[in-house]
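Report on the structure
The primary structure of each chain is shown beneath.
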Amino acid sequence: MASTDKNKSVNLESEIFNPSKEIIEQAYIKQYESIYKRSIEDREGFWAEQAENLEWYKKWTTVLDDSKPPFYKWFIGGKMNIVHNAIDRHLNTWRKNKLAFIWEGEPGDFRSFSYHALNREVSKFANIMKSMGVKKGDIVTIYMPQIPELAFAMLACAKIGVAHSVVYGGFSVEALAERIMDADSRVLITADGGWRRGKIIDLKSIANEAMMRSPTIEVCVVVKRTGNEVYMETGRDFWYHDLMSLPVASPVCETEVMDSEDLLFILYTSGTTGRPKGMVHTHGGYAVYTSTTHKLVFDIKEEDRWWCAADPGWITGHSYIIYGPLINGSTTFMYEGAPNHPFPNRWWQMIEKYGITILYTSPTAIRGLMRFGDAWPSRHNLESLRILGSVGEPINPEAWRWYYKIIGREKCPIIDTWWQTETGGFMITPLPITPLKPGSATRPFFGNEVAIVDNKGKEVAVGEEGMLVIKSPWPGLARTIYKDSDRYREIYWKDFKKHGWYKTGDSARIDKDGYIWIIGRIDDVIKVSGYRLGTAEIESALVSHPAVSEAAAIALPHDLKGHAIHSYVILRAGLDGSKELEEDLKRHVSHELGPIARPETVDFVESLPKTRSGKIMRRVLKARALGHDEGDLTTLEE
Ligand code: PRX
């Protein structure tokens, strides 16, 4: 068995797809090695050069302050605002009338905004927030469907120097309430609902329940999207369109001058403990990192129509629907709903309709569309596409080849980008000129030195599995965990403190050509359909049900989702498991955390494998479920 696997990986490693002559001719970067070498030898010089592509109110005096590791700072002394770069500066150029956003709603409605129009919407809403007394130092929570107002709200916050915390619209009550409270938000921006597979996701009801649990909210702004009946609390809840028609919503608003290191946003992500971590990103370094990676990795040209089919509520959307593309003056496309609604050709139809040139999506979406067969995409003219991208989890070679052949018609390189909420932008990724191997994220982006090591920090041999670390800081790196710097140090920097390396939490291997193959998480983080969840969050949701006394959650491979959640529960004394209770527990987790966290299975058990110190040995549960060897059980309690 082991030897077959090994042969398989050897075969994979030798399957190479070379870029076409056209792709090479068009590319900004025609030679990787020499630029990479230079970016490592003079990292600060490389990043300073990239930062020159942005507009600064006042230029930085120091590129990198590494005097207090791991708390790195970039572009010290620089004054700027990411919105000045994403909007204001384009208004003095011909781009003023270029489309910034194209948006299609799930029911088929359509809106588009030039940079001029985008500025108007953002400025008006920024003035409204100012009039509410929102100011620098505040964090506004945004809980929205994928509609243009989500982008306006984020940009309006950044424009007036207020931080945003976007909570993914698929999250439920508990997740939203917890995030509002951690950020001490006084303002919540939400909508009546959003469309998903022809149904209304009733966001306002979830928000109402969350606001009851998190009393910090004083004002709730509600965008009317779906027109369903919602409860509006007098004095607290206001319709967005009412506010936007007030005289105070003037279309002229000064952009706040920010320090490079001032807070831009926090974005919560799952880790190994129950509490989500609010990753902190700042104006300067994040702006430089997202715009540089977007432009060079996807070879962004003025005439491109860029579609990052992620939700803006995740880092992918923050960095590559909103900030990176707008800083580069691109036209960015956003779609509200499900990929297969009303039919499995929805995406292909939109690519044809809008002339999308670059599609960036996840393996789970590709697998989901692949299963409907080739007939759906082949009905459409996809000739406009020139580059394709993937993110979120390792892409299985079968999905890679389908994407390459059927969607890319063997002409489009597949850019498999490895990165994390914490990294702000792409870390390991091919460029369009890179010879590709299906399933490998290939080589590090400029400025990044990575290694695959054992737990002592020694590099593992070619082909061996080890821990992926990043050896040096980069401008997009999250500065800390909001209100919890100790945890930041502990999670990412403690294990390789001596070396000063960042621990990614992923395992990987490197092949003889220096290509990196990501294997998956080494901690208790689960990726379901590319969404990141912590086993501990799911377990606490289960335990919050009155019938449950203890719970464990693990991830098992799943054809479509990549991984699916399987859970084990010990019921309170005197209770018996039943089909109804199983359903009820699934519903409960879904209600607390959101539908993505719904367990695939709930098994009622008498006991859970634990270490003597009481930690659940999820590895043992997993091995048992897969029928694998349970490994070393010496720490298992009798
Ligand atoms: O395990 C890796 C996986 O997603 C994790 C980061 O999740 P999140 O912070 O939600 O960010 C997702 C979007 C950037 C990583 O630790 N991952 C992300 N991209 C890839 C990947 N695994 C393999 N290949 C990728 N291209």
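The preceding data block contains the structure.
Let us look at the structure shown here. (Residues numbered from 1 in each chain as written. Predicted model: local features only at pLDDT ≥ 70, side-chain atom pairs only at ≥ 80, totals over all residues. Heavy atoms only, no water.)

This part covers the overall build of the protein chain. In terms of regular secondary structure, the protein chain is built from 20 helices and 29 strands. The C-alpha atoms of the protein chain give a radius of gyration of 24 Å, which matches the 26 Å a tight globule of 638 residues would have. Structurally, the protein chain occupies a C-alpha span of about 70 × 60 × 60 Å along its principal axes. A total of 638 residues make up the protein chain; the buried ones form 62% of that total. Accessible surface, the protein chain: about 24,900 Å² in total, of which carbon and sulfur atoms supply 51%. The distance from the centre of the 79 positive side-chain charges to the centre of the 84 negative ones in the protein chain is 3 Å. (Helix = DSSP H or I, 4+ residues; strand = E, 2+ residues; numbered from the N terminus. Rg over C-alpha atoms; globule rule 2.2 N^0.38 Å. Buried < 20%, exposed > 50% of the residue type's maximum accessible area, 1.4 Å probe, protein only. Areas by Shrake-Rupley, 256 points an atom, 1.4 Å probe, with all protein chains shown as cover. Lys, Arg positive; Asp, Glu negative; His and termini not counted. Charge placed at Lys NZ, Arg CZ, Asp CG, Glu CD.)

Our next topic: empty space enclosed by the protein. With the rule as written, the count across this model stands at 1 cavity of 30 Å³ or more. Of the voids in this model, the largest cavity is the one considered here, and its volume is about 60 Å³. In terms of lining, the largest cavity is formed by Val-166, Val-167, Tyr-168, Phe-171, Arg-179, Leu-267, Tyr-268, Thr-269, Gly-313, Trp-314, Ile-315 and Thr-421. Tallying contributions element by element places strand 14 (residues 263-269) first for the lining of the largest cavity, with 3 residues. For the lining of the largest cavity, the per-class residue count stands at 8 nonpolar, 3 polar and 1 charged. (1 Å grid on protein atoms, 1.4 Å probe; cavity = no way out; pocket = protein on both sides within 12 Å on 5 of 7 lines; lining within 4 Å. Points joined across faces, edges and corners; volume = space filled by probe spheres on them. Nonpolar A, V, L, I, M, F, W, Y, C, P; charged D, E, K, R; others polar.)

All right, on to the site of the ligand then. Lining the immediate environment of the ligand, one finds 16 residues, of which Asp-416, Thr-417, Thr-421, Arg-521 and Arg-532 sit closest. One of the backbone nitrogen or oxygen atoms of Glu-393 is found 3.4 Å away from a nitrogen atom of the ligand. Backbone polar atom of Thr-417 to a nitrogen atom of the ligand: 2.7 Å apart, as the coordinates give it. When the free accessible area of the ligand is taken as 540 Å², the share hidden by the protein chains comes to 96%. Elements that contribute at least two residues to the shell around the ligand include exactly strand 20 (414-417) and strand 24 (516-521). Of the residues belonging to the shell around the ligand, the class tally is 5 nonpolar, 5 polar and 6 charged. (Near = heavy atom within 4 Å. Polar contact = N/O pair within 3.5 Å; in protein donor to acceptor, adjacent residues only side chain to side chain.)

This next bit is on the sheet that holds strand 27 (residues 548-558). Working definition: the strands of a sheet are paired by backbone hydrogen bonds and lie parallel or antiparallel to each other. If you trace the 3 strands from one edge of the open sheet to the other, you get 27-28-29, paired in mixed fashion. Single-partner strands in this sheet number two, and they are strand 27 and strand 29 (601-604). Averaged over neighbouring strand pairs, the angle between their axes works out to 25° when direction is ignored. Sheet topology note: the strand 27/strand 28 (residues 562-571) ladder contains 10 bridges and is antiparallel. Opposite Ala-551, over in strand 28, you have Val-569 as the bridge partner. Lying over the sheet, helix 18 (residues 535-543) contacts strand 27 and strand 28, oriented at roughly 140° with respect to strand 27. Sitting on the sheet, helix 20 (residues 618-626) is in contact with strand 27 and strand 28, with an inclination near 55° to strand 27. (Pairing = 2+ DSSP bridges. Axes fitted to C-alpha atoms, helices over the stretch in contact; angles between N-to-C directions. Contact = heavy atoms within 4.5 Å.)

This part takes up the packing of helix 3 (residues 32-41) against helix 4 (residues 43-51). In contact at an axis separation of 4 Å, helix 3 and helix 4 are set at 110° when each is read in the N-to-C sense. When the interaxial angle is binned, helix 3 and helix 4 end up roughly perpendicular. Counted together, Ile-35, Arg-38, Ser-39, Ile-40 and Glu-41 of helix 3 and Arg-43, Gly-45, Phe-46 and Glu-49 of helix 4 form the full contact between these two elements. Residues belonging to the contact of helix 3 with helix 4 are distributed by class as follows: 3 nonpolar, 2 polar and 4 charged. (Parallel < 35°, antiparallel > 145°, perpendicular 65-115°, else oblique.)

For the rest of this paragraph, the subject is helix 7 (residues 148-159). Helical geometry note: an α-helix holds 3.6 residues per turn, so side chains three or four residues apart project in the same direction. With 12 residues, helix 7 extends 16 Å from end C-alpha to end C-alpha; this agrees with the ideal 16 Å at 1.5 Å per step. Burial runs high along helix 7: 12 of the 12 residues are buried. Those residues of helix 7 lying buried are Pro-148, Glu-149, Leu-150, Ala-151, Phe-152, Ala-153, Met-154, Leu-155, Ala-156, Cys-157, Ala-158 and Lys-159. Phi turns positive one or two residues past the end of helix 7, at Gly-161, with a value near 80°. (Expected span 1.5 Å × (residues − 1).)

Take the environment of Thr-417 next. Looking at where Thr-417 falls in the secondary structure, it is placed in strand 20. Separated by 23 residues in sequence, Thr-417 and Ser-440 have C-alpha atoms that sit 9.2 Å apart. Not counting chain neighbours up to four residues away, the residues in contact with Thr-417 comprise Val-297, Phe-298, Tyr-360, Ser-390, Val-391, Phe-426, Ile-428 and Thr-429. Among the polar contacts made by the side chain of Thr-417, one reaches the side chain of Tyr-360 at a distance of 2.6 Å.

Okay, helix 4 next. When helix 4 is considered as a whole, its buried residues turn out to be Arg-43, Phe-46, Trp-47, Ala-48, Gln-50 and Ala-51. Where helix 4 is buried, its residues meet helix 3, strand 1 (62-65), strand 2 (73-76) and helix 11 (283-297).

Strands sit in the order 5-4-17-16-18-19-20 across an open sheet of 7 strands; the sheet is mixed. Two strands close off the open sheet at either side, each with one partner strand: strand 5 (110-114) and strand 20. Ignoring which end each strand starts from, the neighbouring axes of this sheet average 20° apart. Across the sheet, helix 6 (residues 115-131) touches strand 4 (99-104) and strand 5, and the angle it forms with strand 5 is around 95°. Helix 7 contacts strand 4, strand 5 and strand 17 (331-335) of the sheet and is inclined by roughly 30° relative to strand 5.

This paragraph deals with the layout of surface pockets. Each pocket or cavity is described by its volume, and for the second largest pocket that value is around 320 Å³. Forming the boundary of the second largest pocket are 18 residues, of which Asn-53, Arg-89, Lys-295, Ile-327 and Asn-328 lie nearest the centre. A per-element tally of the lining of the second largest pocket places helix 11 first, with 4 residues. Grouping the constituent residues of the lining of the second largest pocket by class yields 5 nonpolar, 7 polar and 6 charged.

Within the secondary structure, Thr-364 sits in helix 14 (residues 363-370). Among the residues examined, Thr-364 registers a relative accessible area of 13% and is labelled buried. Setting aside residues up to four positions removed in sequence, Thr-364 forms contacts with Glu-393, Ser-529, Gly-530, Leu-560 and Lys-561.

A cluster of basic residues, Arg-196, Arg-197, Lys-199 and Arg-371, forms a positive patch on the protein surface. Mapped onto the fold, Arg-197 is located in the loop between strand 9 (194-196) and strand 10 (199-201). With relative accessibility at 43%, the residue Arg-197 sits in the partly exposed group. (Patch = residues over 30% accessible without salt bridge, like charges linked within 9 Å, V, L, I, M, F, W, Y side chains within 5 Å. Salt bridge = Lys/Arg side-chain N within 4 Å of Asp/Glu carboxyl O.)

Both strand 23 (residues 502-510) and strand 24 contribute to a ladder of 5 bridges, which runs antiparallel. Looking at strand 24, one finds that Asp-506 is bridged to Arg-521.

Turning our eyes to something else, we now look at the environment of Ile-351. By the element assignment, Ile-351 lies in helix 13 (residues 346-354). Overall, the relative accessible area of 0% leaves Ile-351 in the buried class. With 284 residues separating them in the primary sequence, Ile-351 and Thr-635 have C-alpha atoms 54 Å apart. Beyond its immediate chain neighbours, meaning those up to four positions away, Ile-351 contacts Trp-307, Ile-356, Leu-359, Leu-382, Ser-384 and Leu-385.

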